[in-house]
Amino acid sequence: MHVEAVPLYLSEVAPARIRGGLNILFQLNVTIGILFATLVNYGANKIHPWGWRLSLSLGSMPAALLILCTLFLVDTPNSLIERGRLEEGRAALKKIRGTDNVEPEFNEIVAASRVAQEVKRPFRSLLRRRTNRPQLAIAVLLQLFQQVAGINAVMFYAPVLFNTLGFETETSLYSAVITGGVNVLSTLVSVYSVDRAGRRMLLLEGGAYMLLSHMAIAVVFRIKVTDSSDDLGHDWAILVVAMVCTFVFSFAWSWGPLAWLIPSETFPLETRSVGQSVAVCVNMLFTFVFAQTFLSILCHLKYTIFAFFSVCVVVMSLFVLFFLPETKNVPIEEMKERVWKQHWFWKRFLDDEDNNHVVVNGGKSK
Ligand SMILES: OC[C@H]1O[C@](O)(CO)[C@@H](O)[C@@H]1O
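Residues numbered from 1 in each chain as written. Predicted model: local features only at pLDDT ≥ 70, side-chain atom pairs only at ≥ 80, totals over all residues. Heavy atoms only, no water.

Looking at this structure, I do not really get the UniProt feature "transmembrane region" (unreviewed entry) in the protein chain. What am I missing?
In this numbering, the UniProt entry assigns the feature "transmembrane region" (unreviewed entry) to residues 24-44, 50-74, 136-160, 172-194, 206-224, 236-262, 274-297 and 303-324. Taken as a whole, residues 172-194 contains 100% helix and 0% strand, while its terminal C-alpha atoms sit 32 Å from one another. For residues 206-224, the helix share is 100%, the strand share is 0%, and the end-to-end C-alpha distance is 27 Å. (UniProt positions renumbered as here; feature names shortened; annotations may be inferred. Helix = DSSP H or I, 4+ residues; strand = E, 2+ residues; numbered from the N terminus.)

Structure representation (structure tokens):
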């Protein structure tokens, strides 16, 4: 529930010019959580025989903190207005913008909420109406791509992977702490640059480095890991660790945070919550599938799994190049006019909708 609600909440309250950076604070906290968990595992590994109990139970701490902090949150103006609480919505908008001059934005949200109220079944509308296809396709594909790029092969199994490269258990856990630290630092890069460089640029650049690192790992495994020995040798193992860090570094400034940010800012109000839920569902489904299958896939496919990740990165980068519109600095309720209706491919879905209105309204276009 938090994964669905937090990116949406952040995108709705943020002013357009810093929306990306603010939204990415969500993923930053995910990465801090992962680092924290890895550090706990590193320490708990030394406590016999009950260290694992400590590892598991400490997971409740961030959950408790989340519940506590949620008590202090106010509703977003968009949500208040959508539920008909106009004056409260206006007051919330003034409060979060720090100015009384909010009428233009208030009117935009009111207009969006009128359209939203006409949609009685958002989930059905999301799946059936052509006009929702662009956002739905992008949300689903970004989540799918984020996972097939191989991040959780690394995040979940880094210690096992490093172990198979010949590192001791302790060194493997330590290496996982390093990748966790790289993950946090690089997400900070994204917070800083997403509203300057734009979403497309980060995804394309990140993709290039991810490709490079996957290919390098595939080549090293191909050359050095044979059936008779799984031990790479010190220098090669260090090279692989460096490439894993490069991969995590480039993922964390690009696909990691942006697969959450973009769906949360592109859906119109009427399908925003349900669209984000679909995105979360796809992400969790593929995370689960990877968690369950990666080790046996690695045993069977060996180095070719990294070749597979490389192909995925090429496909997802081509998708960004041709099909992902830039949403930097565009106010969230203006996406339809300024983004979708201008895009060479996706605009046909909205043109059809306008034509339908003309027919339905007997020639009176809305
Ligand atoms: O930081 C890496 C983590 O981020 C996610 O992609 C979520 O955005 C997880 O699937 C992964 O474990």
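Could you clarify how one ought to interpret the pattern of salt bridges in this entry?
As a working rule, side chains carrying opposite charge can pair if their charged atoms are close by. One pass over the full model with this rule turns up 12 salt bridges. R83 is paired through a salt bridge with D75; the nearest N and O atoms lie 2.7 Å apart. Linking R272 and E333 is a salt bridge whose minimum nitrogen-to-oxygen distance equals 3.0 Å. Within this pair, whereas R272 is found in helix α15 (residues 269-301), its partner E333 is found in the loop between α16 (304-323) and α17 (335-338), the two being separated by 61 residues in sequence. Each member of the pair, R272 as well as E333, is classed as buried. Within the structure, one salt-bridge network assembled from shared partners comprises R19, D195, R199 and E265. (Salt bridge = Lys/Arg side-chain N within 4 Å of Asp/Glu carboxyl O. Buried < 20%, exposed > 50% of the residue type's maximum accessible area, 1.4 Å probe, protein only.)

I'm lost on helix α11 (residues 169-197) in this one. Help?
The α-helix winds at 3.6 residues per turn, so residues separated by three or four positions along the chain end up facing the same way. Here α11 contains 29 residues, and its C-alpha end-to-end distance of 40 Å stays within 8% of the 42 Å for a straight helix at 1.5 Å per residue. Bending of α11 peaks at approximately 30° at the position of V191. Trailing α11 by a residue or two, G198 shows a phi angle of about 95°, which is positive. (Expected span 1.5 Å × (residues − 1). Bend = angle between axes of the 7 residues up to and from the residue.)

In this structure, what is going on with the packing of aromatic side chains? I would like to understand it.
The geometry of an aromatic ring pair comes down to the distance between the two centres and the angle between the two planes. Here the structure, examined in full by the defined rule, presents 20 aromatic pairs. Ring geometry for Y157 against F294: centres 5.7 Å apart, planes inclined by 25°, an arrangement best described as stacked. One end of the pair, Y157, is in helix α10 (residues 151-164); the other, F294, is in helix α15, and 137 residues separate them in sequence. What makes Y157 buried here is its relative accessible area of 15%. Given a relative accessible area of 1%, F294 falls into the buried group. An aromatic cluster of at least three residues, connected via ring pairs, comprises F145, W255, F319, F323, W344, F345, W346 and F349. (Phe/Tyr/Trp six-rings, centres within 6.5 Å; stacked < 30°, edge-to-face > 60°.)

Could you clarify how one ought to interpret the site of the ligand in this entry?
Residues in contact with the ligand, as listed here, are Q27, T31, I34, Q146, Q147, I151, N152, M155, N183, F251, G256 and W260. In this structure, N152 approaches the ligand through a side-chain N or O atom, which is 2.6 Å from an oxygen atom. A distance of 2.6 Å is found between an oxygen atom of the ligand and a side-chain nitrogen or oxygen belonging to W260. Bound to the protein, the ligand loses 92% of the 320 Å² it would expose on its own. Of all elements in the fold, only α2 (19-44), α9 (133-148), α10 and α14 (255-266) reach the threshold of two or more residues within the shell around the ligand. For the shell around the ligand, the class distribution of residues is five nonpolar, seven polar and no charged. (Near = heavy atom within 4 Å. Polar contact = N/O pair within 3.5 Å; in protein donor to acceptor, adjacent residues only side chain to side chain. Areas by Shrake-Rupley, 256 points an atom, 1.4 Å probe, with all protein chains shown as cover. Nonpolar A, V, L, I, M, F, W, Y, C, P; charged D, E, K, R; others polar.)

Whenever I open this one, the packing of helix α12 (residues 199-224) against helix α13 (residues 234-253) confuses me. Can you help?
When two helices pack together, you describe them by how their axes are tilted relative to each other and by the distance separating the axes. Direction vectors running N to C along α12 and α13 enclose 160°, while the axes themselves pass 8 Å from each other. Comparing the axis directions of α12 and α13 gives the class roughly antiparallel. Handedness of the α12/α13 crossing: left-handed. Residue-level inspection shows L202, E205, G206, Y209, M210, S213, H214, A216, I217, V220, F221 and K224 of α12 in contact with α13, the latter providing W236, L239, V240, M243, V244, T246, F247, S250, F251 and W253. Each residue belonging to the contact of α12 with α13 can be placed in one class, and the counts come to 15 nonpolar, five polar and two charged. (Axes fitted to C-alpha atoms, helices over the stretch in contact; angles between N-to-C directions. Parallel < 35°, antiparallel > 145°, perpendicular 65-115°, else oblique. Left-handed = near helix turned anticlockwise from the far one by under 90°. Contact = heavy atoms within 4.5 Å.)

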